[in-house]
Amino acid sequence: MSGKLRVLAVGLGNMGMSHAQAYTRIDGYEVAALCERGIAKRTLPPELQAAQRFTDYSEALKAVQPDVVSISTWSDSHAAYAIQAMEAGAHVFVEKPLADTVEDAERVVAVAKRTGKKLVIGYILRHHPSWIKFIELAKTLGAPLVFRMNLNQQSSGKQWEDHKKLLQSLSPIVDCGVHYLDVWCQITRAKPVKVHALGARLTDGMANVDLPVGMYNYGTLQVAFDDGSVGWYEAGWGPMISETAFFVKDVIGPKGSVSIVMAETASDAKSADINAHTKTNRILLHHADLDASGALAKPDEFFDTTDEPDHDALCEREQRYLLKAIRENLDLTDHMSDAIRSLRIALAADRSVRTGEVVTL
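Residues numbered from 1 in each chain as written. Predicted model: local features only at pLDDT ≥ 70, side-chain atom pairs only at ≥ 80, totals over all residues. Heavy atoms only, no water.

A. Quick peek at the packing of helix α5 (residues 129–138) against helix α8 (residues 177–187). Remark: α5 packs on α8, axes separated minimally by 9 Å, with the N-to-C direction vectors making an angle of 40°. Classed by the angle they form, the pair α5 and α8 counts as oblique. Every pair of crossing elements has a handedness; the one defined by α5 and α8 is right-handed. In contact with Trp131, Phe134, Ile135 and Ala138 of α5, α8 contributes Tyr180, Val183, Gln186 and Ile187. (Axes fitted to C-alpha atoms, helices over the stretch in contact; angles between N-to-C directions. Helix = DSSP H or I, 4+ residues; strand = E, 2+ residues; numbered from the N terminus. Parallel < 35°, antiparallel > 145°, perpendicular 65-115°, else oblique. Left-handed = near helix turned anticlockwise from the far one by under 90°. Contact = heavy atoms within 4.5 Å.)

B. Summary view of the side chain of Ser75. Inspection of the secondary structure puts Ser75 in the loop between β4 (68–71) and α3 (78–87). A relative accessible area of 6% means that Ser75 is categorised as buried. Side-chain polar atoms of Ser75 contact the side chain of Ser169, separated by 3.5 Å. In this structure, Ser75 is in contact with Pro97, Asp100, Ser169 and Leu170, ignoring residues within four places of it in sequence. (Buried < 20%, exposed > 50% of the residue type's maximum accessible area, 1.4 Å probe, protein only. Polar contact = N/O pair within 3.5 Å; in protein donor to acceptor, adjacent residues only side chain to side chain.)

C. Structural context of α3. Inspection of α3 places His78, Ala79, Ala82, Ile83, Ala85 and Met86 among the buried residues, and these make up the whole buried set. Buried residues of α3, viewed axially, fall in a sector of 165°; they line one side. If you follow the buried residues of α3, they end up packed against α2 (57–64), β4, β5 (91–95), α4 (102–115) and β6 (119–122). (Arc of directions from axis to C-beta.)

D. Layout of helix α6 (residues 157–166). Listing the buried residues of α6 in full gives Trp160, Asp162, His163, Lys164 and Leu166. Tucked into the core, α6 has its buried residues touching α1 (14–24), β7 (146–154), α7 (172–175) and β10 (230–238).

E. Focus on the packing of α2 against α3. Axis separation between α2 and α3 bottoms out at 11 Å; the angle between their running directions is 20°. Viewed along their axes, α2 and α3 adopt a mutual orientation that is roughly parallel. The two elements α2 and α3 cross, and the hand of that crossing is right-handed. For the pair α2 and α3, contact is made by Tyr57, Ser58 and Leu61 and by Tyr81, Gln84 and Ala85, respectively. Residues of the contact of α2 with α3, tallied by class, amount to four nonpolar, two polar and no charged. (Nonpolar A, V, L, I, M, F, W, Y, C, P; charged D, E, K, R; others polar.)

F. Representation of the side chain of His78 within the structure. Along the chain, the position of His78 falls in helix α3. What makes His78 buried here is its relative accessible area of 1%. Engagement of the side chain of His78 in a polar contact is seen with the backbone oxygen of Glu95, the distance being 3.1 Å. Setting aside residues no more than four positions away along its own chain, His78 makes contact with Ile71, Thr73, Val94, Glu95, Lys96, Pro97 and Leu98.

G. Structural context of the state of the cysteines. Applying the stated criterion to the full structure yields zero disulfides. We note that Cys185 lacks a disulfide partner, and the nearest cysteine sulfur, in Cys176, lies 17 Å from it. No disulfide involves Cys315; its nearest neighbouring cysteine sulfur is the one of Cys176, lying 15 Å away. (Disulfide = S-S within 2.5 Å.)

H. The nonpolar core, seen in detail. Leu119, Tyr233 and Val251 are the most contacted members of the largest nonpolar core, which has 90 residues in total. Here this core gets 10 residues from one element, more than from any other, and that element is helix α11 (residues 333–355). Discounting residues that sit within four places of it in the chain, Tyr233 has contacts with Met149, Asn150, Leu151, Ile173, Cys176, Gly177, Tyr180, Trp184, Gly219, Thr220 and Leu221. Judged by nonpolar contacts, the second largest core, of 23 residues, contains Leu44, Ala51, Val120 and Ile326. (Core = buried A, V, L, I, M, F, W, Y, C linked by side-chain atoms within 4.5 Å.)

Structure below.
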């Protein structure tokens, strides 16, 4: 035995492959096995070719007896796979969202607490130095706050095929929204109290698109907090989505505002590029202070964030955090409860779209 933690990576799509490769770059992990229904047709990079290959998750878990299970499958399997892994004695990394329902998410967390296994959820922005700085600055703006954010993706080809698969179980405002709702909840510890959302199904009449009844590929939500803070979030997927204003990341408070702005050199970035949504380029801090004449007293401040990790490097940071949690026995109570809180808001928004009602939390 090398003494390294043996990893079973389940799911090898965009996120799953990034995580599997991240483990190979970290001293302390060994990718022992890979599991995917189509593993026989998968072309693996050299660093993963020595791993055992499985098509059945239960079989892989029993045969490998891993120390860590990394779950990057479709969201409807997250809860069951995570619980099965922890009951088998493994620590777990699971991509967001933690589950399809709040009740299932709570069950996963309860198992983590009972078994003493570490559970890290894939909130990638929590490990991004520029987003950490953005949150730090936003906390200086006073209260109440206004959150304005979106994540729209004009997708075609393989990206649209992937989005159509996601739309079999999750809308964009749930799948992507949990990231930004988590950011909001880190900035204000106020309690979310009301959610209202609207959605539109923009795929009717399109060839080769068969979405479940009630599913929509565009949505927008509004959240009210008990300190008077409010938030707006928008997300849409598909070939019809506009590239105009697809990137809005903004927080406004009594003392000013903080915004993630795309630098001129990034003005040609496309919404389907996953790095366009994690890279911040620049942070703009605006001060609301006025001088005696009523003019703005302080100039705007810019924070250059061009030298920052790309998507794969961020996945590596997530796995280093898991390793640290295991080795140092970190208390992940807040991490897990925050994951449930953001999911609760996102699912309330989905319920609001489907019922047409304002949902009280």
